[in-house]
Structure formats: C-alpha cells, structure tokens
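Reading the structure
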Amino acid sequence: MKKFPDFVPPTKVSYLINQGPTLHLRRCMLQVADDPSQEWTFDKEEIRIGSMEDNDIVLADDTVSRYHCRIIQDDTSYILVDNASTNGTFVNKVRVREAFLKPGCTIGVGQSQLKFNAREEEVQIVPSRADRCAGLIGGNSKMREIYSIIEKIAPTATTVVIDGETGTGKEVVAQAIHSLSPRSRNELVVFDCGAVPPNLIESELFGHEKGSFTGAMMSREGLFELADGGTLFLDELGELPIDLQPKLLRVLESREVRRVGGAKAQKVDVRIIAATNRNLEDEVRAGRFRQDLFYRLSVVRLHLPSLHARADDIPLLVNHFLEHGSYNRQPNGQRRASAFSREAMIALQNYPWPGNVRELVNVVERAVSFCEQSTIELSDLPDYIRTAKAPPREAAPVHKRASSVPAAASLAAQPPPTPEELLAVGITFKDAKERWVTTFERDYILQMLRRNNGNISHAARHADIDRKYFRKLMKKYDIEAAGTDDDDAATE
C-alpha cells in the first residue's frame, strides 16, 4: 500500500505484459485525532458523518448534528460538504460549506477532530468464480476478470470508458456498474452520441432556455440535469463532434452545466460511463478526438472481448436467450424451443460472429421462428452460419524466416452475407455496415500480406498504412505472418 501525501490518486486499472490486470484502488481513511486506534477506511463514493446510527461514521458527540456532513469521492479528489449543520464543519480550523480535502488535513465536526488521508492500494485482479454479473453472462476468464473489476469500481465515482466491437454488450456493462453502485436508487440515463444530429447534441446534453434558438418554444432540461444523482452513459463517444468535446470536458472538470442560451451554470452530481467501438488513441492521433478529453475520461478502461474470442460462452448465452426471450414463449407460457442440437451448437461456435452478442440474439430469435420441434436443428440456422468453418483455436507462432506465405492467408475468407441474409436475422443498417467493414479489413490485410510474401513492412508500405496500425489490424483479426519483417529484422 502506498501513501501519497500531496495528491489523491485516482482509481484505475493497468494492464501489464505477462500479468493480469491490476486495480489501483483509491481508499479514503479517517482517524480520530486524539485516538488513532479509531480508524475507518472507505473506497465508496460517499461517506456520511453524523450522530445517527445509519451514518458511515457515527460520532457520540452532542455538538455533532444528526447528519452533519459528507465526503464525496470525485475522480481525482475528495470533497467535504457540510449538511447545514448546527455547529458547522471545519477544515484546518476554517469553517467551510464545501471544500476539497488534501491528504493530511484535519476535519472539525462539532468538537470532534478527524484526520483525513488517502492511499492507493494495488489489487491483483483474480477472475470471479461466478459465470454472470448483474446482466452480464459468460464464464470465459476474460469476462470473469471484468466481473471482478466491476465489483471493485462500482461503489466508487470513477469515470469508466468501455471499448470493444459493436454488439459486445457495452451498455449491459454500464447497467451492471450502475446497478451495483450507490447511485442505483437514481436513474441511468443513456445517450447515443451517433444517433442525434450534431446540431442538437448540445441541447440534448446540456438543455436549453426558451427562445435560445429557432424552435426552442420552452425551456428544457438536458440529460446531465436528468441524470443528477445518477449515471450518464454516453454511448458511441467516438461519434461526438470535435467542436462539442471542449464543452463536455468543461462539464467534467467543473461538474456544472449551463443550458444553451442560459446565463447561469448549475451544479450536477453525475457519474460518467462512456462506450466506443473506435480506438480512441487512433482518433486522438488523427485529430478527431481531443487528447485532454481522452485522458480525462480514461480513468478506468474496460475492454470487452469479441464473441469470437469467447466462443465457449455461446452455450450459456443461448440457453439464457431461450429461457428469457419473449419470442420463445407460446400463448400458454411454455417455451417453444428448449435447446439446440449438438450439430447446431457446433455451427454456432464455428461462426466468427462479426456482430457479436447482438447478432447471436437475432440468430437465436430467427431459429426459434423456423424450428418445428422443441430442439433447434442445424437446418433451422441461416446458410452462412451452417457453412462457416471452425476458427483456429490457437494462433500459430510467428516464424520470421520460416516461410514466404502468411500463416493466416491459407484460411478461407468468410464471404460477407448478402443483404437478404442480413435482413432475415434483423441486422440493423449500422450493424450490417460494421460487418461489411470488418470483412473488408480482414480480407484486405490477408491479401496484402499474401502479395508481399508475409512481409509486414512491405505490405504496410504498399497499403499506405502506418506499420504499427497495420499490426493492430492483424492483431484485431488474429492474423499471424510467417514472412520477414525487414524493419524488425534490422533491429535484431
């Protein structure tokens, strides 16, 4: 455990090579100045101090009000708030209504004196033993690591960014974090940054006053105000226009919002959870996302694995969908289909699932509508799933000079499904576009490596792509090259 005398360290997750994720958990400690043996340690979002028994710290002091004050955890600070107490709250003998706490300061509550400190504790993340967490389902080790992280960070006020491919369940993760937090008594407000016209996003987020623009017939609260005391989930954060990003940053820094056309800012108490299927580091380098906003948001980052990377979870997910899906209920309440046949389940696990869990839900619903018996057979699945070949279970090691052909180039590329097939399983335009982009990127990288005999540097040069980004695409699609990389070889 480390002590930081000059600043309050944020809760964060770090991923180290050859190690699992490590959670750097921020803890607040309070000590009675005259009796150091009386000590409390918290990692929660809000600490209540007073004379009533339902406070987190109960002080048997006649000069202490029933609910005297509270300490609120922000991303990188602790804030002391006086609850209109009779005898006041003091920081280093100065009476305050609201004040930032510095480690080592003294808090005066009535006649009681408390020493404040903050520490950082490194916690090695051990995968949870459970195969589900709130609305998340899956026993894969990566998912169970995420469960452990969620359970640790949910009680805090830490800002979280969730990244991963479309359809992996980022909103479900946000719902899990909210439901396990003290804010669950208030709303989780969801805003899709890519679903609202750019000229309306500011009004949606921050609200507007009557007459502030054409069509503003009345004053309206923004989503930050609606989420006050709860959580605001910003989906598809990478779609947020660059000109609005400084305004979002200002709200995150000041915790105040000013409506469009308004003259006065007002305080908001909102936890931010954001999600994106884009690589924000690449967006920052391309100038499409502000670096300061990126660092302000990326306190804790969670990466959701694709369904292809956790195919062992498919039976568990499918059984859950069959049990709880309304489409699988007959008028008498009985289930239409009770299980998938062995052949059908193997086909599901062999398919690469570019649309991830969202696509799996659609396929299960389609299969239920096509099946005529209680067991869903292989013939009830779409053609493109029945004909999918088994993915490689383990990537072959890279042998730089062993062969002139990329190892993954020998794999048959999956042809993209036709529009008719996409419509048959209810794929939206956005998801269909994502699938086509995914198919193009994978096939393009494979073909470019094949033309250049597996040489990554030459392939990247001919594609006019930065070599590091070319390697990222290879890693994204589990492509291994067996040729020589001149740039790497030169450093050996």
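Description of the structure in this document. Since we're looking at a predicted model, the values are computed, not measured.

**Overview of the sheet that holds strand 21 (residues 271-276)**
Strands sit in the order 17-18-21-16-22 across an open sheet of five strands; the sheet is parallel. Edge positions in the sheet fall to strand 17 (188-192) and strand 22 (300-303), since each of these pairs with one other strand and no more. Across the sheet, the mean angle from the axis of one strand to that of its neighbour is 20°, orientation sign disregarded. Of the strand pairs in this sheet, strand 18 (residues 231-235) and strand 21 are connected by four bridges, and their pairing is parallel.

**Details of helix 15 (residues 467-476)**
What helix 15 keeps buried is the set F470, L473 and M474. Looking straight down helix 15, one finds that the buried residues subtend no more than 100° of arc, so they occupy a single side. For helix 15, exposure combined with an orientation more than 90 degrees from the buried face picks out K468 and K475. Capping the start of helix 15 is the job of one residue whose side-chain oxygen sits 3.0 Å from the backbone nitrogen of K468: D466.

**Concerning the pattern of salt bridges**
Using the criterion set out here, one finds 21 salt bridges in the structure. E46 is the salt-bridge partner of R70, the closest N and O atoms lying 3.6 Å from each other. Here R70 is found in strand 7 (residues 69-73), whereas its partner E46 is found in strand 5 (residues 46-50), with 24 residues between them in sequence. For R70, a relative accessible area of 26% puts it in the partly exposed group. Here R301 makes a salt bridge to D163, at a shortest N to O gap of 3.2 Å. Separated by 138 residues along the polypeptide, R301 in strand 22 and D163 in strand 16 (residues 160-163) bring together distant segments of the chain.

**Brief notes about the environment of S298**
Inspection of the secondary structure assignment puts S298 in the loop between helix 7 (291-297) and strand 22. Overall, S298 belongs to the buried group, its relative accessible area being 19%. Distance in space between the C-alpha atoms of S298 and I273 is 10.0 Å, their sequence separation being 25 residues.

**Thoughts on the packing of helix 8 (residues 314-324) against helix 10 (residues 356-370)**
Helix-helix packing is characterised by the crossing angle of the two axes and by the distance between the axes. Close contact between helix 8 and helix 10 brings their axes to 10 Å; oriented N to C, the two are set at 55°. As judged from the angle between their axes, helix 8 and helix 10 are oblique. Regarding helix 8 and helix 10, the two cross each other, and that crossing is right-handed. Here helix 8 contributes L317, V318, F321 and L322 to the contact with helix 10, which in turn contributes V357, L360, V361, V364 and V368. Within the contact of helix 8 with helix 10, the residues separate by chemical class into nine nonpolar, no polar and no charged.

**Things to note about the packing of aromatic side chains**
Per the stated rule, a full pass over the model turns up six aromatic pairs. Summarising the aromatic geometry, the rings of Y351 and Y384 are spaced 5.5 Å apart at their centres and angled 55° between planes, so their arrangement reads as tilted. Placement of the pair is Y351 in the loop between helix 9 (342-350) and helix 10 and Y384 in helix 11 (residues 383-386), with a sequence separation of 33 residues. One exposure class covers both Y351 and Y384, and it is buried. A centroid spacing of 5.6 Å and a plane angle of 40° characterise the contact between F440 and Y444, whose relative ring orientation is tilted. One end of the pair, F440, and the other, Y444, are both in helix 13 (residues 429-451), four residues apart, so they sit about a helical turn from each other. Residue class for Y444 comes out partly exposed when judged on its relative accessible area of 30%. Each residue in the set Y351, W353 and Y384 is aromatic and connected to the rest through ring pairs, giving one cluster.

Basis of the calculations
- Numbering of residues starts from 1 in every chain and runs along the sequence as written.
- Totals for whole chains, interfaces and linings use every residue, but because this is a predicted model, local features are given only for residues with pLDDT of at least 70 and side-chain atom pairs only at 80 or more, for both listing and counting.
- Side-chain figures throughout are based on the complete set of non-hydrogen atoms in the structure, without hydrogens or water.
- Strand pairing is defined by DSSP finding a minimum of two bridges between the two strands.
- For helices the rule is a DSSP run of H or I covering at least 4 residues; for strands it is a run of E covering at least 2, with both sets numbered from the N terminus onward.
- Under this scheme, a helix contributes an axis fitted over its contacting stretch, all axes are lines through C-alpha atoms, and angles between N-to-C directions fall in the 0 to 180 degree range.
- Relative accessibility under 20% of the residue-type maximum defines a buried residue, over 50% an exposed one, and the middle range a partly exposed one, all with a 1.4 Å probe and only protein chains included.
- Note that the arc is computed from the directions linking the helix axis to the C-beta atoms.
- As used in this structure description, the phrase polar contact means that two N or O atoms lie within 3.5 Å; if the pair is within protein, one of them must be able to donate a hydrogen and the other to accept it, and residues adjacent in sequence are counted only when both atoms belong to side chains.
- One speaks of a salt bridge when a side-chain nitrogen belonging to Lys or Arg is within 4 Å of a carboxyl oxygen belonging to Asp or Glu.
- Every angle not falling under 35 degrees, over 145, or within 65 to 115 is termed oblique; those three ranges are roughly parallel, roughly antiparallel and roughly perpendicular.
- Rotating anticlockwise by less than a right angle from the far helix to the near helix defines a left-handed crossing, while the corresponding clockwise rotation defines a right-handed one.
- Contacts were defined at the residue level, with two residues in contact if any of their heavy atoms lie within 4.5 Å.
- Classes in brief: Ala, Val, Leu, Ile, Met, Phe, Trp, Tyr, Cys and Pro nonpolar; Asp, Glu, Lys and Arg charged; the others, Gly included, polar.
- Any two of the Phe, Tyr and Trp rings considered here, Trp counted by its six-membered ring, make a pair once their centres fall within 6.5 Å; the pair's planes then place it as stacked at under 30 degrees, edge-to-face at over 60, or tilted in between.

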